[in-house]
Amino acid sequence: MAYKVGIDIGGTFTDLYAYDTQTGKSLCLSSSSTPENYANGVLNVIEKSKIRPEDIELIVHGTTVATNAVIMKTYEKTAFVTTKGMRDLIEIGRFHRKVLYDPYQQKPEPIVSRDNRFTVEERIDKDGNVLEALNENDVRQVAAKIREKGITSVCVGFMNSYVNGKHEKRAAEILKEELPDAYVIASSQILPNIGALGRFTTGIINAALYHLVSNYIENLEDRLRGKGFKGKLLLVQSNGGAITAELVRTKPETLLMSGPAGGVVGALSIGKVSGQEDIITFDMGGTSTDISIIEKSKPFMSSDFEIDWDMPVPIPLIEIISIGAGGGSIAWVDSGGVLKVGPRSAGAYPGPVCYGVGGTEPTVCDANLVLGYLDADEFLDGDMKLDVEGAKESIRKLGEKLGLSMIDTAKGILEIVNENMANAVKEVTIGKGRDPRDFALSAFGGAGSLHAVACADKVGVPVVLVPPEPGNLCAFGDINMNLQNEVESFYFSKLDDLDLKDINKRFSNMDKEGIGLLHSQKVPTNGETIKHVISMRYTGQSYELEIECDDLVIKEDTVKTLAEDFHATHKKIYFVNDPDSEVEITKLRTTVIGEIAEEINIQDQTGAKKEAKSKTVKAYFDGKEMDTPVYQRSLITTEDIVSGPAIVREKKSSTIIPPGKKCRIDPNNRSLIIENL
C-alpha cells in the first residue's frame, strides 16, 4: 500500500483523508484537535486510521499554527528597523476607520511595540536613487540594542526598497553579523511592492512567525520520522497550492489561510465532477465559518488581505472571509440585554455543553441539539454521546436572562448565527459585484450542512450542494493540491508605453526563478505550468487590480487584451470604469505549478439494500415542532427524492432539508443537491 494523506487541523477536530494510490480506496476520519500542541492531533489521527507511517508516501497538511499565532498574538517578540522618521508608520497605518462614525474606536495593537522599533539614517527616492547613504554605524548601534533585549527575530524595512533594495540588503547583512543567532529578513526580499505599509507588515509577520512555524514543522517532522514515515511532508499555502516543509519555513506568512484554502480546493474538485462552475464555498466548523468564491472553475485570488484592521499583508491568496461563527460559538447576552452569538468559541475543550467535557456556556451546537436537528446517540457515528439535558439547561438559563422560553432562545441562537453567515456571503457576492442567484452554495465542515439551506435562502442562492464526507472536505482538498511557487517583482510602466522586450525579459527571469524553486523541492511532478499575473491601475489610483495574462510572451495584441480585461474587471468590482484614462503597471507575478494532484472522486459509501428512512424525530421548522423523517445518506439512491422537512444523517454531519425543499443525489459523486420543490 502507498497512501497520500491530507490532514487538516480545525478549532475542534483534526481531520484526515487518506487515498491508497494502489487500490483507489479512501478513508475519512477525525479526532479531537489538541491546542496545547497541534502536532499531537496529527499523530493521533494517523494512529487512529491504522495506516502504518511507513506506508505513507505523501502528507499534505493544512495548519492553523500561523493563523492562531496572529489571532492570539503568541508570535515571537520582533524588532523592526526602518528609515529615520518612519518609526510609527506601521502604527499610523492608512488613516482608515473601521466604523466611520465611532469616535471611541481603537486601532489594534501593532505587532511590534514602539520600544522595539528602531530607525537608522538612509534614504532612497521613488526612482531608486540614493538620497542619503546608509549609516552603517547606526545599524550596529541598533543591533546592540536588539541584542540587549534578547530579541531573535528582526525585520528591516526601508522606504522605496521595492525599487532599490541595496540599503535593506546591506543593513540585514550587518544585523546578521552582529546577531548571529537571530533571524533577519528584509521587507523587499519578502514582498517587492509599492506601498510601504503592506511591505513592512508582511516582512514583520514573516519575522514574527519564523521561529514558531519552524519549531512546529521540525517537531512534527521529527515525530513522524520517528514513527517510520519516509515520505514527503507538504504544507498547504493560502494560495491553494502546496509547498515543502523545508521551503515554507522561510515563508511562514503563506500559511495564514492554510486550513480554509484546502476547503476551497476540495469544493472546486467536487464542483468539476458535479458540473458546477460557479460556487460559493461555505465551510462551517466548530470555531469559524470560512466563505469564498469559485467562478468559472477558478478560485477568486486576491492580494487584498489584512490580518487585522489596517494591517495589510498583500500576498497572493485565495480570497476567504472568516467570521467567528461555528458549532462551538458561544451564545451570550450583552450589557444591553441583547442576544449575541460568537465570535468566542468553546473550541475542542471545554467544547459545547452537550459534549459533556466541561463546557458550561450554551453554543450553536447545543441549540441544534435542543431543536432536534442532532441525534444524541448518533453524533460522530456514535463515537460521542451528547448530553441533551445539559444542553437544555444551559439554554434555559440563557433564556431566563432574555425573558424567552428554552425553545425560543435556541431558535434565536440559530437565527442570529445564520444571519451573521448570510451577511458574510453577501460580502463576497453582492459586495463584489456578483449576483448570488448565479451560484450554487457548497456546504461542508462539520456544521455546514446544518445551516446551509437557511443561509442560502437569506441571500437567494437557489441550489445547495453537500459533498460526500463534508466534515473532511478540507483534508480531501489538501491531497488534491499541486505544488505552487510564486515570484513577484516590482515593475512600473504606462501600459501605452510598455517595452515588450523588457517586460518579456523580466518575466523570463522570474519564470526561471520559479522553476528553480519548484525543482529545489525534489517532488516528482507530472508536468509544470506557468501563469503570469500583472497588477494594473488607473494613473493616480493607490490600489491595483490583478489581471491574468494568458500569453506567456506579451505581444501587441496582448497589451490590447490586458487593457480590455482591466477596464471590464474594474467595472465589475467597482461598478465604474474609464476606458479613456491612462493605465499603468506596478507589479508582475509568475506562478509556477508542479502537477502532483490525482483525479480523486470523493464518494460516500453506498449500500442501498434497505429503506433509507431510519426513523422519525421531533424537530422544529417554521416555528413549529414537526414529525421529521431521518434518512441515512449512504442508503439514499440516485432515484430517490427526499422532500422536506427531513434530516439526512451521516458519519460526521447532518443535513437539514426544510419544508418546501427537496433533496436528490448527484449520480456523478453522490453529492446532495438541495433546491426548491
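Above this text is the structure in question.
Residues numbered from 1 in each chain as written. Predicted model: local features only at pLDDT ≥ 70, side-chain atom pairs only at ≥ 80, totals over all residues. Heavy atoms only, no water.

**Let's talk about the overall build of the protein**
Of regular secondary structure, the protein possesses 16 helices and 35 strands. In terms of overall dimensions, the protein has a C-alpha envelope of 80 × 55 × 55 Å along the principal axes. Counting every position in the protein, which comprises 677 residues, the buried fraction comes to 58%. At a minimum sequence separation of 6, the contacts of the protein that also span at least 24 residues come to 68%. Split by element, the accessible area of the protein, about 28300 Å² in all, is 49% carbon and sulfur. (Helix = DSSP H or I, 4+ residues; strand = E, 2+ residues; numbered from the N terminus. Buried < 20%, exposed > 50% of the residue type's maximum accessible area, 1.4 Å probe, protein only. Contact = heavy atoms within 4.5 Å. Areas by Shrake-Rupley, 256 points an atom, 1.4 Å probe, with all protein chains shown as cover.)

**Observations concerning the pairing of strand β26 (residues 528–538)**
Taken residue by residue, a regular strand's side chains alternate between the two faces of the sheet. Sheet analysis places β26 next to strand β28 (residues 583–594), joined by 11 bridges and oriented antiparallel. For V533, the partnering residue across the bridge sits in β28 and is R589. Relative to strand β27 (residues 545–549), β26 runs antiparallel, the two being bridged by five bridges. The residue bridging M536 from the neighbouring strand is L545, located in β27. Hairpin remark: β26 followed by β27, antiparallel, with six residues in the connecting loop; positive phi at G540, about 100 degrees. (Pairing = 2+ DSSP bridges.)

**Here's the deal with unusual backbone geometry**
Glycine aside, negative phi is the norm for most residues, and most peptide bonds take the trans geometry. With an omega of 0 degrees, the peptide bond between G342 and P343 qualifies as cis. Despite not being glycine, D310 has its phi angle at roughly 65 degrees, a positive value. Looking at the secondary structure, you find D310 in the loop between β17 (306–308) and β18 (311–312). Look at D310 and you get buried, because its relative accessible area is 1%. One non-glycine residue with positive phi stands out, namely D622, at about 50 degrees.

**Focus: the packing of helix α12 (residues 406–428) against helix α13 (residues 448–459)**
For the pair α12 and α13, interaxial distance at closest approach is 9 Å and the crossing angle is 55 degrees. Relative to α13, the element α12 lies oblique. When you trace α12 past α13, the crossing you get is right-handed. Packed against α12, whose contacting residues are L414, E415, V417, N418, E419, M421, A422, V425 and K426, the element α13 presents H451, A454, C455, K458 and V459 at the interface. (Axes fitted to C-alpha atoms, helices over the stretch in contact; angles between N-to-C directions. Parallel < 35°, antiparallel > 145°, perpendicular 65-115°, else oblique. Left-handed = near helix turned anticlockwise from the far one by under 90°.)

**So, helix α7 (residues 196–226)**
Look at α7: 44 Å from first C-alpha to last across 31 residues, which is about the 45 Å you get at 1.5 Å a residue. The principal kink in α7, of about 45 degrees, is found at L209. Counting buried positions along α7 gives 22 out of 31 residues, so the element sits mostly inside the fold. (Expected span 1.5 Å × (residues − 1). Bend = angle between axes of the 7 residues up to and from the residue.)

**Comments concerning the packing of helix α1 (residues 38–49) against α7**
Running from N to C, α1 and α7 cross one another at 30 degrees; their axes reach a closest spacing of 10 Å. If you check the angle between α1 and α7, you find them roughly parallel. The two elements α1 and α7 cross, and the hand of that crossing is right-handed. Each of Y38, A39, N40, V42, L43 and I46 in α1 lies in contact with α7, whose residues at this interface are Y216, N219, L220, R223 and L224. Split into classes, the residues belonging to the contact of α1 with α7 amount to eight nonpolar, two polar and one charged. (Nonpolar A, V, L, I, M, F, W, Y, C, P; charged D, E, K, R; others polar.)

**Re the packing of aromatic side chains**
Following the criterion strictly, the structure yields seven aromatic pairs and no others. Over the ring of F300 we find R434, and its NZ or CZ is 4.4 Å from the ring centre. (Phe/Tyr/Trp six-rings, centres within 6.5 Å; stacked < 30°, edge-to-face > 60°. Lys NZ or Arg CZ within 6 Å of the ring centre and 35° of its normal.)

**Here we look at the sheet that holds strand β5 (residues 79–83)**
On the basis of which strands lie adjacent, the open sheet formed by four strands has the order β6-β5-β9-β10 and parallel pairing. A single partner strand is all that each edge strand has here, and the edge strands are β6 (117–120) and β10 (183–186). In this sheet, adjacent strand axes meet at a mean angle of 20 degrees when their direction is disregarded. Direction of pairing for strand β9 (residues 153–157) relative to β10: parallel, over a ladder of four bridges. Directly across from V154, in β10, lies its bridge partner V184. Packing against the sheet, helix α5 (residues 166–178) makes contact with β5, β9 and β10, and its axis sits at approximately 155 degrees to β9. Sheet contacts for α7: β5, β9 and β10; angle to β9, the most-contacted strand, approximately 165 degrees.

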